Amino acid sequence: MFAILIAAMACAMIWASPVRAQAPRPGPTFHEAVGMAWAIDPVRTELQVGHHSARARASAAGSWFAGGPVLSGEYMDDHMLGSNEGYTTYQGGVSVPLWLPGQGSATQQVASAEAASIEEQLNVEHLALSIRVLDASATARIAGARVDVARELYEATSRIGANVAHAVRGGEMASADSQMAQAAVENARGELALAQEEARNATAALEVLLGRPVVPDLDRYGSSDVTKARFVAPRDMEDNDPRVRVAHRNVEAAEANMKLAHRSFMPNPEIGVDAIHEKQYGSPWDNRVGVNFSIPLPSEVRNAPIMSEARNRLAAAGSQETQARRMVHLEMMRVRERLIAATTARQSTRTAADSMEARAKAQEHAWRLGEVSLDTALAARQVACAARQASARADVEWHVASIRMLIATGIVP
């Protein structure tokens with residue numbers, strides 16, 4: 001008997017170990033989820049390449065010359081004329097374009113401003129990605145709650161249906177009640193299938209963002225995190241928002257471009273060195289070296305479009321900065337109001353769900369005693385499940401509103 005007991009205990013341990021191994025692991029934090037999404041975000045890679053290119057342009061603008069050297073060469077003889085007296089000339093030269101006064105530093109400032117703008121665009125993309133991860137996580141959590149509620153409704157209606165079938169077989173209830181109970185069971189089965197489909201789709205969309213089949217844990221964030229956050233003046237919050245900062249960087253880049261347009265009032269002049277090697281009839285070889293220069297003169301035909309484009313860019317950047325400030329200000333107001341409404345909805349739906357659950361249990365008990373009809377008990381159970389689902393949704397939305405408020409203050413929890 002002792003050997004049999006030891007063997008049974010060993011089998012039980014072997015059977016239980018896979019169950020413990022298959023226990024669901026807690027989901028990552030929201031901060032970790034954003035980090036996973038940021039690591040595989042394709043927009044981040046694109047912006048980083050653009051930032052590197054802008055830095056390279058700023059470095060190249062520090063060159064001594066406005067462009068690369070230009071090589072020129074000429075060869076002339078009298079063979080084609082038929083005289084063939086031996087007149088031969090070789091001429092070659094090299095020249096470089098020169099910066100106009102202040103043009104080189106203005107070009108460098110434009111490239112540096114564009115690099116700073118792209119760097120702020122990385123912060124904007126990180127903010128947008130955080131919100132996308134938050135919305136996808138909330139959708140997955142709400143879909144999971146719908147599956148849980150649909151499963152509870154299916155189990156409850158199946159339990160009632162089994163009792164009705166037993167009563168019909170005993171002649172205590174009519175067959176119409178059995179049909180009603182069976183219809184409720186099938187409706188609950190259909191709702192469970194739809195809920196599972198929605199949950200799978202939501203999880204798949206979240207997996208595309210994170211690169212892993214996990215759902216972040218949003219329940220750990222709530223009112224305590226919001227109260228601990230350091231809130232500043234609304235104007236300071238707007239200035240700290242990356243969307244406003246990138247709009248301001250674009251204004252700075254447009255202003256630098258306007259200065260560059262003023263400095264580029266004419267095409268770049270060129271200066272270089274020429275060398276001539278020639279042979280004349282009856283004379284020895286002759287070598288000469290000289291300097292060449294080229295100075296194109298200013299023209300309104302060329303300058304007017306450049307100045308117009310620079311002014312248009314500056315005006316558009318200023319307009320976009322104003323619009324960005326308005327958008328961020330309105331969004332902050334909405335986020336705050338959303339948190340207030342979500343807090344109230346969470347409390348009210350939780351109370352309603354508890355009341356409807358108690359009512360459903362009371363109606364089911366009364367139906368067992370024959371005090372109410374079957375359709376009343378089924379309707380009470382369906383209303384209770386609907387209230388339970390609304391409560392779960394409100395709870396997730398409250399956590400989302402808390403995290404969204406933190407993101408608005410510049411914190412990714």
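Model, not experiment: these values are computed from the prediction. (Residues numbered from 1 in each chain as written. Predicted model: local features only at pLDDT ≥ 70, side-chain atom pairs only at ≥ 80, totals over all residues. Heavy atoms only, no water.)

*Asks:* Give a detailed account of the overall build of the protein chain, specifying residues and quantitative values.
*Replies:* A tally of regular secondary structure across the protein chain gives 10 helices and four strands. N-terminal to C-terminal, the α/β element order of the protein chain is α-α-α-β-β-α-α-α-α-α-β-β-α-α. Within the protein chain, the proportion of its 413 residues that are buried is 35%. A total of about 24,200 Å² of accessible surface is found on the protein chain, and carbon and sulfur atoms cover 59% of it. (Helix = DSSP H or I, 4+ residues; strand = E, 2+ residues; numbered from the N terminus. Buried < 20%, exposed > 50% of the residue type's maximum accessible area, 1.4 Å probe, protein only. Areas by Shrake-Rupley, 256 points an atom, 1.4 Å probe, with all protein chains shown as cover.)

*Asks:* Explain the environment of tyrosine 154 to me, and be specific about the residues and the numbers.
*Replies:* Within the fold, tyrosine 154 resides in helix 4 (residues 103-169). When its relative accessible area of 22% is taken as the criterion, tyrosine 154 is described as partly exposed. Through-space distance from the C-alpha of tyrosine 154 to that of alanine 184 is 8.5 Å; in sequence the pair is 30 residues apart. When sequence neighbours within four positions are dropped, the list of residues in contact with tyrosine 154 reads Val185, Ala188 and Arg189. (Contact = heavy atoms within 4.5 Å.)

*Asks:* Now, about the packing of helix 4 against helix 9 (residues 300-368): what can you tell me, with residues and values included?
*Replies:* At their nearest, the axes of helix 4 and helix 9 sit 15 Å apart, and the two run at 15° to each other. By the criterion of interaxial angle, the relationship of helix 4 to helix 9 is roughly parallel. The interaxial crossing formed by helix 4 with helix 9 has left-handed handedness. Across from Glu114, Arg159, Ile160, Asn163 and Val164 in helix 4, the residues of helix 9 making contact are Arg313, Glu364, Trp367 and Arg368. Grouping the amino acids of the contact of helix 4 with helix 9 by side-chain chemistry returns three nonpolar, one polar and five charged. (Axes fitted to C-alpha atoms, helices over the stretch in contact; angles between N-to-C directions. Parallel < 35°, antiparallel > 145°, perpendicular 65-115°, else oblique. Left-handed = near helix turned anticlockwise from the far one by under 90°. Nonpolar A, V, L, I, M, F, W, Y, C, P; charged D, E, K, R; others polar.)

*Asks:* Outline the packing of helix 2 (residues 30-39) against helix 4, listing residues and values.
*Replies:* Viewed as axis vectors pointing N to C, helix 2 and helix 4 meet at an angle of 120°, and their least axial separation amounts to 10 Å. By the angle between their directions, the pair helix 2 and helix 4 is classed as oblique. Both helix 2 and helix 4 take part in a crossing whose hand is right-handed. Packed against helix 2, whose contacting residues are Phe30, Ala33, Val34, Ala37 and Trp38, the element helix 4 presents Leu122, Glu125, His126, Leu129, Ser130, Val133 and Leu134 at the interface.

*Asks:* Break down the pairing of strand 2 (residues 88-97) for me, citing the residues and quoting the values.
*Replies:* As judged from the eight bridges shared by strand 1 (residues 70-77) and strand 2, these two strands associate in the antiparallel manner. Among the inter-strand pairings, serine 72 is bridged to a residue of strand 2, identified as glycine 93. The pairing of strand 2 with strand 3 (residues 270-279) spans 10 bridges and is antiparallel. Bridge pairing in strand 3 links valine 96 to isoleucine 271. (Pairing = 2+ DSSP bridges.)

*Asks:* Give me the packing of aromatic side chains: which residues, what numbers.
*Replies:* The full count for this structure, using the stated rule, is one aromatic pair. For the pair tyrosine 75 and tyrosine 90, a centre-to-centre distance of 5.1 Å together with 45° between the ring planes defines the contact as tilted. Of this pair, tyrosine 75 sits in strand 1 while tyrosine 90 is found in strand 2, placing the two residues 15 residues apart along the sequence. Note that arginine 44 overlies the ring of tryptophan 38, its terminal NZ or CZ placed 6.0 Å from the centroid. Looking at arginine 346, its charged tip hangs above the ring of tryptophan 398, at a distance of 4.0 Å from the centre. (Phe/Tyr/Trp six-rings, centres within 6.5 Å; stacked < 30°, edge-to-face > 60°. Lys NZ or Arg CZ within 6 Å of the ring centre and 35° of its normal.)

*Asks:* Explain the pattern of salt bridges to me, using residue names and the numbers behind them.
*Replies:* Evaluation of the coordinates by the stated rule reveals 24 salt bridges. In this structure, arginine 146 and glutamate 191 form a salt bridge, with 2.9 Å as the shortest nitrogen-oxygen distance. Of this pair, arginine 146 sits in helix 4 while glutamate 191 is found in helix 5 (residues 175-210), placing the two residues 45 residues apart along the sequence. Given a relative accessible area of 25%, glutamate 191 falls into the partly exposed group. Linking aspartate 241 and arginine 243 is a salt bridge whose minimum nitrogen-to-oxygen distance equals 2.9 Å. When sorted by exposure, aspartate 241 lands in the same class as arginine 243, which is buried. By sharing partners, the salt bridges in this structure join Arg159, Glu357, Glu364, Arg368 and Arg381 into a single network. (Salt bridge = Lys/Arg side-chain N within 4 Å of Asp/Glu carboxyl O.)

*Asks:* Go over the nonpolar core, please, and point to the residues and values.
*Replies:* Formed by 35 residues in total, the largest nonpolar core has its most connected members in Phe30, Val133, Leu134, Leu210 and Ile403. Sorting the residues of this core by element identifies helix 2, helix 3 (42-60), helix 4, helix 5 and helix 10 (374-408) as the ones contributing at least two each. The element contributing the most residues to this core is helix 4, with 15 residues. By size, the runner-up hydrophobic cluster in this structure holds eight residues, among which are Ile160, Val164, Ala377 and Leu378. (Core = buried A, V, L, I, M, F, W, Y, C linked by side-chain atoms within 4.5 Å.)

*Asks:* So, the confidence of the model for the protein chain: which residues are in play, and what are the values?
*Replies:* With 88% of its residues at a pLDDT of 70 or more, the protein chain shows a mean pLDDT of 84. Across the protein chain, element-level confidence peaks in helix 8 (residues 242-263) with a mean pLDDT of 92 and bottoms out in helix 1 (residues 2-21) with 38. Predicted confidence is poor over residues 1-24, with pLDDT under 50, and the contacts of this stretch with residues over four places away or in other chains come to zero contacts. (pLDDT = per-residue confidence, 0-100.)

*Asks:* Just give me the short version of helix 3, but keep the residues and values in it.
*Replies:* Count 3.6 residues to each turn of an α-helix, and residues three or four apart come out pointing the same way. Between its terminal C-alpha atoms helix 3 stretches 27 Å, which fits the 27 Å expected from 19 residues at 1.5 Å a residue. Along helix 3, the residues classified as buried are Arg44, Leu47, His51, Ala54 and Ala58. Projected down its long axis, helix 3 carries its buried residues within an arc of 85°, all on one side. Those residues of helix 3 that are exposed and aimed more than 90 degrees away from the buried face are Pro42, Glu46, His52, Ser59 and Ala60. (Expected span 1.5 Å × (residues − 1). Arc of directions from axis to C-beta.)

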